[in-house]
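Take a look at the letters that make up each chain.
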Amino acid sequence: MSGDLLSARDVQKSFGAVRALGPIDFALKPRERLGLIGPNGSGKTTLINCITGLFPPDEGTISFRGEDITREPAYRRARRGLSRSFQIPRPFVGMTVLENLLVPMDYLRAGARRGAERAEEVLQSVGLYARRQDAAEALSQLELRKLELARALVAEPLVLIADEAMAGLSEAEIDDILTLLFRLNETGVAVVMIEHIMHAVMRFSERVICLQTGRIIAEGSPKQIAADPLVQKVYFGEQTHR
Ligand SMILES: Nc1ncnc2c1ncn2[C@@H]1O[C@H](COP(=O)(O)OP(=O)(O)OP(=O)(O)O)[C@@H](O)[C@H]1O
Ligand SMILES: [Mg+2]
């Protein structure tokens, strides 16, 4: 649709005989805060992998700012302003926190600022500046999550897709990450929050999409989603949820 920053149309992905995703349509507006929820294995990460170019979808089209990027490699999409953080943070071990940000700078879009100064600015913004010379493997769980976000943010993206950036954190730490994502959004970055921590998604999102077995079963405001009978059945019915 015109006005969309990012969209996916009729996207499908199977792994062998398992249809992990779709067909599914998805759209994100500039500066939007979108929540993506659904039980384990419902296709959230697969959708994001197709969108960010980790692998192409079997069918369908992905567009960014009106251009077809379906077959484009991930680094080209990153250069366009499409960033993601991974569900399981894997920092470069044997490198400092600062060096972890310098590595992805080879893949930035034209015009993006580079170098240690820019990296330090990002570390400042996520609250990791004091840790910049420490080894990545010395970081706490919260700091690792922040480093994972920082690595996605050095590219100065237009979209950040955060795949379970709060998993395993305490309530205070969840608040910390939420504040960080709100602040980022205020600078104009659209944020897709993939999350199992329901109160965080509901607080953060303007719109929520719920997946089940690779299809959208509900979409609406946090209020509408919380009251949706299908969503309630998925989360509180016979389906198990971690
Ligand atoms: N690389 C892969 N190879 C084979 N099957 C896969 C692969 N990635 C995902 N799947 C399968 O695709 C389906 C969707 O998985 P996906 O990881 O997208 O779910 P998810 O919604 O992100 O789940 P979670 O909340 O646990 O992260 C699952 O059945 C999963 O087992
Ligand atoms: Mg996932």
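Below you will find a few notes about this structure. Here the structure is a predicted model, which is why all the values come from computation and not from measurement.

1. Some remarks on the coordination of the magnesium ion (ligand 2)
Ideal geometry at a metal gives 109.5 degrees between four tetrahedral donors and either 90 or 180 degrees between six octahedral ones.
Here's step 1: Those donors, Thr45 (OG1) and Gln87 (OE1), are the protein atoms that reach the magnesium ion (ligand 2), and they lie 2.0 to 2.5 Å from it. Taken together, the positions of Thr45 in helix α1 (residues 44–52) and Gln87 in the loop between β6 (82–85) and α3 (97–102) put the pair 42 residues apart, joining distant regions of the chain.
Here's step 2: The exposure class of Gln87 is partly exposed, given its relative accessible area of 26%.

2. Observations concerning helix α5 (residues 141–153)
Here's step 1: Taking 1.5 Å as the rise per residue, α5 with 13 residues should run 18 Å; its terminal C-alpha atoms sit 19 Å apart, in good agreement.
Here's step 2: Counted residue by residue, α5 has twelve buried out of 13 residues, so it is predominantly covered.
Here's step 3: Three or more residues of α5 are buried, namely Leu142, Glu143, Leu144, Arg145, Lys146, Leu147, Glu148, Leu149, Ala150, Arg151, Ala152 and Leu153.
Here's step 4: Elements that come into contact with the buried residues of α5 comprise β6, α3, α4 (115–126), β7 (159–163) and α6 (171–186).

3. A look at the nonpolar core
Here's step 1: In this structure, Leu101, Leu149, Leu160, Met166, Ile177 and Leu181 are the most contacted members of the largest nonpolar core, which totals 36 residues.
Here's step 2: Secondary-structure elements contributing two or more residues to this core are α3, α4, α5, β7, α6, β8 (190–194) and α7 (198–204).
Here's step 3: By residue number, the principal contributor to this core is α5, which donates seven residues.
Here's step 4: In this structure Leu101 touches Ala119, Val122, Leu123, Leu147, Ala150, Arg151 and Val154, once residues within four positions along its chain are discounted.
Here's step 5: Within the second largest apolar cluster, 26 residues are counted, among which are Ile24, Phe26, Phe55 and Ile209.

The rules behind the values
- Residues numbered from 1 in each chain as written.
- Chains lettered and ligands numbered in written order.
- Predicted model: local features only at pLDDT ≥ 70, side-chain atom pairs only at ≥ 80, totals over all residues.
- Heavy atoms only, no water.
- Donors = N, O, S within 2.8 Å, 3.2 Å for Na, K, Ca; no water.
- Helix = DSSP H or I, 4+ residues; strand = E, 2+ residues; numbered from the N terminus.
- Buried < 20%, exposed > 50% of the residue type's maximum accessible area, 1.4 Å probe, protein only.
- Expected span 1.5 Å × (residues − 1).
- Contact = heavy atoms within 4.5 Å.
- Core = buried A, V, L, I, M, F, W, Y, C linked by side-chain atoms within 4.5 Å.

Keep in mind these numbers describe shape, not what the thing actually does.
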